[in-house]
Amino acid sequence: MSIDVMDKFRGRVAKHAALADAARLRIVDLLTLGDLSPTELQAELGMPSNLLSHHLRTLEEATLVTRRRSEADRRRSYIRLIPGALEGLVPGIEHGAQRVVFVCTRNSARSQLATALWQQLSEIPSTSAGTHPADHIARGAIEVARRHGLSLPDTAPRRLDPLAGEGDFVVTVCDNAHEELSGLGGVHWSVPDPVRQGTPEAFEHAFQEIAHRIGDLAPRVRAA
């Protein structure tokens, strides 16, 4: 067996060993839908912080999860699954929704891109909104969408308040919006704000991350 094959085999063994624990398997199941802070995981699992830290360390060492510092509250971090970490394992959580609503603070980039990408993959209606809408959609978002054959709507960003309704499945794609709307439900994707950097590379990175997340979520949301 070659060194490369052996390394991949050891990686698989480490992942299986990490997932053999019921608590760690539950953590991974939760993270298949969105990112969670350690505090949110602790509340969901009813687990002491020192035990949760042990489980997260084990999952990180098995290259299943990683963490990123919040752009809103720098004392907070979000745990997320590493893309491709489960290598085709199908999670068991399915959600029903009449509509999917993507939310970020300004409704000028990430939520707009998410809605456009969702409409390519799902027949379930979708829209986007912001907690503090900007005056216009970011030029970088329009350009990255155009490079990938998508067009963003020629409308001004909109506020979430009059849009969210019963039967909506809400996806926050912005740390600020998620932390402002605590208790709203739905799922959260901790996607860095491309507008802050304003570069084509930042918008491309955001587009690719959102596209990957949409691809994972769309088959698991059914029309309610």
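Look a little higher up for the structure.
Quick summary incoming for the structure in this document. (Residues numbered from 1 in each chain as written. Predicted model: local features only at pLDDT ≥ 70, side-chain atom pairs only at ≥ 80, totals over all residues. Heavy atoms only, no water.)

A short note on the pairing of strand E6 (residues 168-172)
Burial analysis of E6 places four of its five residues in the buried class, the great majority of the element. Of the strand pairs in this sheet, strand E4 (residues 99-104) and E6 are connected by five bridges, and their pairing is parallel. Note on E6: the bridge partner recorded for valine 103 is threonine 172. With two bridges connecting them, E6 and strand E7 (residues 187-188) associate as parallel partners. Its bridge partner lying in E7, threonine 172 is registered against histidine 188. (Buried < 20%, exposed > 50% of the residue type's maximum accessible area, 1.4 Å probe, protein only. Helix = DSSP H or I, 4+ residues; strand = E, 2+ residues; numbered from the N terminus. Pairing = 2+ DSSP bridges.)

Quick word on the packing of aromatic side chains
To describe a pair of aromatic rings, you give the distance between the ring centres and the angle between the ring planes. Applying the stated criterion across every chain, the model contains two aromatic pairs. Among the aromatic side chains, those forming a connected cluster through ring pairs are Phe102, Trp118 and Trp189. (Phe/Tyr/Trp six-rings, centres within 6.5 Å; stacked < 30°, edge-to-face > 60°.)

Notes on the state of the cysteines
Applying the stated criterion across every chain yields a total of zero disulfides. Residue cysteine 104 stays outside any disulfide, its sulfur separated by 5.8 Å from that of cysteine 174, the closest cysteine. (Disulfide = S-S within 2.5 Å.)

Quick word on the nonpolar core
The biggest cluster of nonpolar side chains holds 40 residues, and the ones touching the most others in it are Phe102, Trp118, Val171 and Trp189. Going through the elements one at a time, E4, helix H5 (110-121), helix H6 (139-147), E6 and helix H9 (200-217) are the ones with two or more residues in this core. Within the second largest apolar cluster, 20 residues are counted, among which are Leu30, Leu36, Leu56 and Ile79. (Core = buried A, V, L, I, M, F, W, Y, C linked by side-chain atoms within 4.5 Å.)

As for unusual backbone geometry
Most peptide bonds take the trans form, and the phi angle of most residues other than glycine is negative. A positive phi angle, close to 55°, is found at threonine 63, a residue other than glycine. Among the secondary structure elements, threonine 63 is positioned in the loop between helix H4 (49-61) and strand E1 (65-69). The exposure class assigned to threonine 63 is partly exposed, which follows from its relative accessible area of 44%. One non-glycine residue with positive phi stands out, namely asparagine 107, at about 55°. Positionally, asparagine 107 belongs in the loop between E4 and H5. Assessed through its relative accessible area of 1%, asparagine 107 is described here as buried.

Interpretation in functional terms is not warranted from these geometric data alone.
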